[in-house]
Amino acid sequence: MRLQKATQCALFAVLELAKDPQHQISAADIADKFGISANHLAKVMRDLARARLVESMRGAGGGYRFSGNAKRVTLYDIVSLFEDIDTHDAGFPQTGDEADIGLALNRVMTEIEEIAVSTLKSITLTTLLKQMERASL
Amino acid sequence: MSTEANQNKNAGNYSIRGARATDIEAVTGIDASITNLSKPEYWADMFARYGDRENRFFLIAEDKNSKLIGFIIGEVRTWEFGSQPSGWVFAIGVDPATRLNKVGSTLFQSICDCLTKAGVDTVRTMLARDDELNMTFFRSQGMMGGPFIQLEMPLGDGGGT
């Protein structure tokens, strides 16, 4: 699975903000830190704010801060905002002479997608942040 | 019961110990509150097979009033399709009324301690793909996808052979 640029930006931004929910960071600082286009990130941040995962703080020192529950928000909650990852037919033809082949291939692709979805649904932000801490020790 | 399992492990308002025959009713009750299925014979059989056995661990969490609030079961398994000896956890249950008090985490850490002392350095489990509660819990403990994959097929007319 290769994630779209917007999804990658969203994951970087949310995880950076979720490290310290009290801390506000500007979109420009996040963009600088991860080498992301500021314009692209601004649109992503608006989508994340609409999903109530981050909130925009106005005024001096304003920026964004994480507003979700890191113990409850999973990678799926973020990825599914930007990707069509729910399990669905992979599109192999299931009619005509190749119906049996199409059906068998669709089953395999569905199995792969189901594993990907259940993996994303099982990893909370807190779990991922803990993994990062362990890896840096 | 192994020495490790007999050691009471204080974790705030509850402690961890090895299971006793008198715990079966309460274990059955916690499991039924989670699964909506009462299986007293199954849990009696689990105790017969995993209580007080070498390299098998049936641990209980009880509160300061000696009320059973959780359980976990696991064992050391060896050489399944080339697997080095490793720990397996195949049952865990926490009274829904006491969740979010780290009872599950303490039970898991306790059985990992038992497995480590039994000489293994890896612990595994197997879950339903859509079991988000347990999947999220084990992930939060640091577990990740491993090198084995579960396969199955229906037997009889629907089988693949």
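So, here is what we can say about the structure in this document. Predicted model only: the values in this text are computed from it and were never measured.

Quick look at the environment of A:R2 now. All names here are of chain A. Secondary-structure assignment places R2 in the segment before helix 1 (5-18). Relative accessible area serves as the criterion here: at 78%, R2 is assigned to the exposed category. Along the sequence, R2 and E111 sit 109 residues apart, while their C-alpha atoms lie 17 Å from each other.

Moving on: the nonpolar core. With 36 residues, the main nonpolar core has A:L41, A:M45, A:L48, A:I78 and A:L125 as its most contacted residues. Counting residues in hydrophobic clusters, the runner-up holds 22 residues, among them B:F57, B:A61, B:C112 and B:F138.

Glancing now at the packing of aromatic side chains. A full pass over the atoms with the stated rule returns eight aromatic pairs over all chains. Geometrically, the ring pair formed by B:Y42 and B:W43 is edge-to-face, given 4.8 Å between the ring centres and 75° between the ring planes. The exposure class of B:W43 is buried, given its relative accessible area of 4%. The interplanar angle of 70° and the centroid separation of 5.1 Å between the aromatic rings of B:W43 and B:F71 together place this pair among those described as edge-to-face. Residue B:W43 is located in helix 3 (residues 40-50), and its partner B:F71 is located in strand 4 (residues 68-77); the two are separated by 28 residues in the primary sequence. Just as B:W43 is buried, B:F71 falls in that class too. Residue placement shows A:K121 over the ring face of A:Y76; its charged tip is 4.8 Å from the ring centre.

On to the side chain of A:T127, then. Along the chain, A:T127 turns up in helix 6 (residues 125-136). The class for A:T127 is buried, based on a relative accessible area of 2%. With residues up to four places along the chain from it excluded, the contact list for A:T127 reads B:R139 and B:S140.

This next bit is on helix 1 of chain A. All names here are of chain A. Here helix 1 contains 14 residues, and its C-alpha end-to-end distance of 20 Å stays within 8% of the 20 Å for a straight helix at 1.5 Å per residue. In terms of residue burial, helix 1 counts as a mostly covered element, since 11 of its 14 residues are buried. Listed in full, the buried residues belonging to helix 1 are A6, T7, C9, A10, L11, A13, V14, L15, E16, L17 and A18. Structurally, helix 1 contributes buried residues whose contacts are with helix 2 (27-34), helix 3 (38-50), strand 1 (54-57), strand 2 (63-66), helix 4 (75-82) and helix 6.

Residues and elements named next belong to chain B. Buried residues dominate strand 5 (residues 86-94), accounting for eight of its nine residues. Note that strand 4 and strand 5 share eight bridges and pair antiparallel. Across the sheet, residue I72 finds its bridge partner in strand 5, namely I92. Sheet topology places strand 5 next to strand 6 (residues 123-124); two bridges connect them, and they run parallel. Looking at the pairing, G87 lines up with V123 of strand 6. Tracing the backbone out of strand 5, into helix 4 (residues 103-117) and back to the parallel element strand 6 gives a crossover that is right-handed.

To continue, consider the pairing of strand 1 of chain A. Residue and element names in this part refer to chain A. As defined by bridge partners, strand 1 adjoins strand 2 across four bridges and the pair is classed as antiparallel. Along strand 2, the bridge assignment pairs V54 with F66. Linkage of strand 1 to strand 2, two consecutive antiparallel strands, is achieved through a turn of five residues, within which G59 is found at a positive phi near 90°.

Between chain A and chain B, the residue contacts involve 14 residues of the former and 10 residues of the latter. When chain A packs against chain B, the two sides together hide about 1,100 Å² of surface, and 49% of this comes from carbon and sulfur. Inspection of the region where chain A meets chain B yields two salt bridges. When the shortest N-O distance is used, the salt bridge between A:K121 and B:E132 registers 3.9 Å. One can count three residue pairs in polar contact (both at pLDDT 80 or more) joining chain A with chain B. Counting only elements with at least two residues in the side of chain A that touches chain B, the list comes to helix 5 (99-122) and helix 6 of chain A. Its residues assigned to classes, the side of chain A that touches chain B comprises two nonpolar, six polar and six charged.

Rules of the game
- Residues numbered from 1 in each chain as written.
- Chains lettered and ligands numbered in written order.
- Predicted model: local features only at pLDDT ≥ 70, side-chain atom pairs only at ≥ 80, totals over all residues.
- Heavy atoms only, no water.
- Helix = DSSP H or I, 4+ residues; strand = E, 2+ residues; numbered from the N terminus.
- Buried < 20%, exposed > 50% of the residue type's maximum accessible area, 1.4 Å probe, protein only.
- Core = buried A, V, L, I, M, F, W, Y, C linked by side-chain atoms within 4.5 Å.
- Phe/Tyr/Trp six-rings, centres within 6.5 Å; stacked < 30°, edge-to-face > 60°.
- Lys NZ or Arg CZ within 6 Å of the ring centre and 35° of its normal.
- Contact = heavy atoms within 4.5 Å.
- Expected span 1.5 Å × (residues − 1).
- Pairing = 2+ DSSP bridges.
- Right-handed = clockwise from strand over helix to strand, strands pointing away.
- Buried area = accessible area lost by both parts, 1.4 Å probe.
- Salt bridge = Lys/Arg side-chain N within 4 Å of Asp/Glu carboxyl O.
- Polar contact = N/O pair within 3.5 Å; in protein donor to acceptor, adjacent residues only side chain to side chain.
- Nonpolar A, V, L, I, M, F, W, Y, C, P; charged D, E, K, R; others polar.

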